[in-house]
Amino acid sequence: MAITMEEGVFELCKNAMEKDKGFLRANPGVPAGEMNEEIFSRYRLYRLQETVRYAYEKSRFYRRKMEEGGIRPEDIKSLEDLKRLPLTEPSDLAAKSYQFLCISQGAVEKPVTYVSSGTVGPSKHLFFSPADVEAVIEFIRVGMKVISEPGEVLQILMPSGSVRGQAELVTEAAARMGVRAITTGIFCSSEEQIEATRNHKCTVWFGSTHMIYRITKEMERKYDLRSLGVRTMFLTIGYLSDTMRSYIENAWNCRVINHYGLTEAGFGMAIECAEEPVYHYNEFGIIAEVINKETGEPAADGEEGELVFTTLGREAMPLIRYRSHDIARMWRAPAACGCCLGSISPVKRRREACVTLANGSEIYPSLFDDTVYAFPQIVDYDVFHKKEEDKERVRFAVEPVEGLTAEETLRLKEELSKPLSVQPAFAQGADLEIVVLEAGALRQGAVFKKLIRPISEAKE
Ligand SMILES: [Zn+2]
């Protein structure tokens, strides 16, 4: 039997607590080997206090930030006090990465450099110590226990090859719980992906939403996907629209579980609940909050706002109240599945994929997914944007399934333009352009992450 996210998070907490002499000394009343909501939040507070003190002592950035804010580590007396700490901007992390670093560069096991913005933007350097990497693997391990069972075979459709990259970490985590993993990566054809599933008898797929959607579209007529034995699609990166979800579920006769993560927060973070379309997150390793994105004030329970994360126990580069710029809601009411963890709503708008038009409206791919993927003739699409002197153009480059006639192509264009043109961005003056590409046009070098890119990058 797979475990719940609460059981997974409690397991991590129990394992860490048993080794944490400082905590046990300070809390002699905690019974050994036990874990419940109360002990969990007590240890969580202790980890927060330790994290804040550690960052204050070791990170130049946080020392200065806290001094400027007139707050000291000992002021953190409850989880609520977290709100008194200043927010960390992604731009700070990009501009001053090394000031965040709490250990020497030689002690870093996994440096990650990545560019997070859709169009332009400075790259950020993230550092993980061996202990940080171990914590990431351990979280993935319990995450794997939530979505799969020992003896299953996992197919990883994620970039491979990089040392200590995501595919490698997932493979190691899966092995620890008795799941064999094979990595097919993102560059082989849909056909090859299916062949790998058949050869290795894979029962769980892990990959990006748009890629798995494409494979399903391309292969559903060639194979009986329902007979392949894939029980679980674990999807990551990209918004999952209702249409896409039920399409994938039906095509494969499987369950679809979505994942939400942020590289800064250590890759893995939140996994969809088995009972309802909300996420439970790694409350052992992270404290999430929602704030009003204009004022920075805490949002009420269930109110929409920006997700902010504090990492607990991170050694190389702790982040305190790090602004994700991702928009969601969060609440603590009892979850449908009965677990005590908080719930996060699906994250629809992600900062990294967002472009603000001159008319003030924000556009991002997931804004259009529901509309575009409602057309079964569409396999994938790209969005491009161009600012001209007094006009703005947004181009949808749509890839259809194979075998559309010229007439069907024309009709697709017309029909797609109806729901798109009433979207605020276009109703307020941006020009909408729809181009129907050849079948397979976006297959090669298909964007791993869906972003809105400058029109100059479009294949004319
Ligand atoms: Zn739940």
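Owing to the predicted nature of the structure, the values given are computational and were not obtained by experimental measurement.

Participant: Pulling in residues and values, what's your account of the nonpolar core?
Facilitator: Core analysis: the biggest nonpolar cluster contains 90 residues, and L154, Y260, M269 and L307 have the highest contact counts within it. Once you skip the residues sitting within four places of it in the chain, L307 turns out to touch Y260, E289, V290, Y322, R323, S324, H325, D326, A328, M330, I344 and V347. Counting residues in each nonpolar core, the second largest holds 43 residues, with V230, A251, V355 and V383 among its members.

Participant: Please give an account of the environment of L87 that cites residues and values.
Facilitator: Considering the arrangement of structural elements, one finds L87 in the loop between helix 4 (60-68) and helix 5 (90-95). Assessed through its relative accessible area of 18%, L87 is described here as buried. The spacing of L87 and R180 is 93 residues in sequence and 41 Å in space, taken between C-alpha atoms. For L87, the contacting residues outside a window of four places in its chain are K65, I291, G296, V308, R321 and R323.

Participant: I'd like a description of the sheet that holds strand 20 (residues 452-454), backed by residues and values.
Facilitator: Reading across the sheet, the four strands line up as 19-18-17-20 and stay open at both edges, with mixed pairing between neighbours. Both edges of this open sheet fall to strand 19 (431-436) and strand 20, since each of them pairs with a single strand only. Here the average twist between neighbouring strands, direction ignored, is 30°. Pairing analysis gives six bridges linking strand 18 (residues 392-400) to strand 19, with the strands arranged parallel. When the sheet's bridge partners are listed, V398 is paired in strand 19 with V436. Running over the sheet, helix 10 (residues 209-219) touches strand 17 (378-387) and strand 18 and is turned about 135° from strand 17. On the sheet, helix 13 (residues 406-421) packs against strand 17, strand 18 and strand 19 and is oriented at approximately 150° with respect to strand 19.

Participant: Give me the pairing of strand 11 (residues 305-311): which residues, what numbers.
Facilitator: Within strand 11, seven of the seven residues are buried, which leaves it mostly tucked inside the rest of the structure. Examined bridge by bridge, strand 10 (residues 286-291) and strand 11 share six bridges and lie antiparallel to one another. Residue I286 lies in a different strand from strand 11, and its bridge partner there is T311. Pairing geometry for strand 11 and strand 12 (residues 322-328), over four bridges, is antiparallel. Bridge pairing links F309 to Y322 in strand 12.

Participant: Explain helix 12 (residues 365-372) to me, and be specific about the residues and the numbers.
Facilitator: Summarising burial for helix 12: six of the eight residues are buried, a large majority. Of all the residues in helix 12, the buried ones are P365, S366, F368, D369, T371 and V372.

Participant: Break down the pairing of strand 7 (residues 255-262) for me, citing the residues and quoting the values.
Facilitator: Remember that side chains alternate between the two faces of the sheet whenever the strand is regular. In terms of burial, strand 7 is a largely internal element, seven of the eight residues being buried. Relative to strand 7, strand 6 (residues 232-236) runs parallel, the two sharing four bridges. For F234, the partnering residue across the bridge sits in strand 7 and is I257. In this fold, strand 6 hands off to helix 11 (residues 242-252), which returns the chain to strand 7; that crossover is right-handed. Here strand 7 folds back onto strand 8 (residues 267-272) in antiparallel fashion, the turn holding four residues, of which G266 has a positive phi close to 95°.

Participant: An account of the sheet that holds strand 10 is requested, with residue identities and associated values reported.
Facilitator: One open sheet accounts for three strands, arranged 10-11-12; its pairing is antiparallel. Of all the strands in the sheet, the pair left with one neighbour each is strand 10 and strand 12. Direction aside, the axes of adjacent strands within the sheet are offset by 30° on average.

Participant: I'd like to hear about the pattern of salt bridges, residue by residue, with values.
Facilitator: One pass over the structure, following the stated rule, counts 34 salt bridges. Here E11 ties to K145 by a salt bridge, and the two come within 2.9 Å at their closest N and O atoms. Here the residue E11 occupies a position in helix 1 (residues 5-19), and K145 occupies one in helix 7 (residues 130-147), the gap between them amounting to 134 residues. Salt-bridge contacts for E80 lead to K83; the nearest nitrogen and oxygen are separated by 3.4 Å.

Participant: Quick rundown of the side chain of Q423? Include the residues and the values.
Facilitator: Summarising the element assignment, Q423 is placed in the loop between helix 13 and helix 14 (424-427). Q423 sits in the buried class, given a relative accessible area of 12%. Discounting chain neighbours no more than four positions away, the residues touching Q423 are L367, F368 and T371.

Definitions and limits used
Residues numbered from 1 in each chain as written. Predicted model: local features only at pLDDT ≥ 70, side-chain atom pairs only at ≥ 80, totals over all residues. Heavy atoms only, no water. Core = buried A, V, L, I, M, F, W, Y, C linked by side-chain atoms within 4.5 Å. Buried < 20%, exposed > 50% of the residue type's maximum accessible area, 1.4 Å probe, protein only. Contact = heavy atoms within 4.5 Å. Helix = DSSP H or I, 4+ residues; strand = E, 2+ residues; numbered from the N terminus. Pairing = 2+ DSSP bridges. Axes fitted to C-alpha atoms, helices over the stretch in contact; angles between N-to-C directions. Right-handed = clockwise from strand over helix to strand, strands pointing away. Salt bridge = Lys/Arg side-chain N within 4 Å of Asp/Glu carboxyl O.

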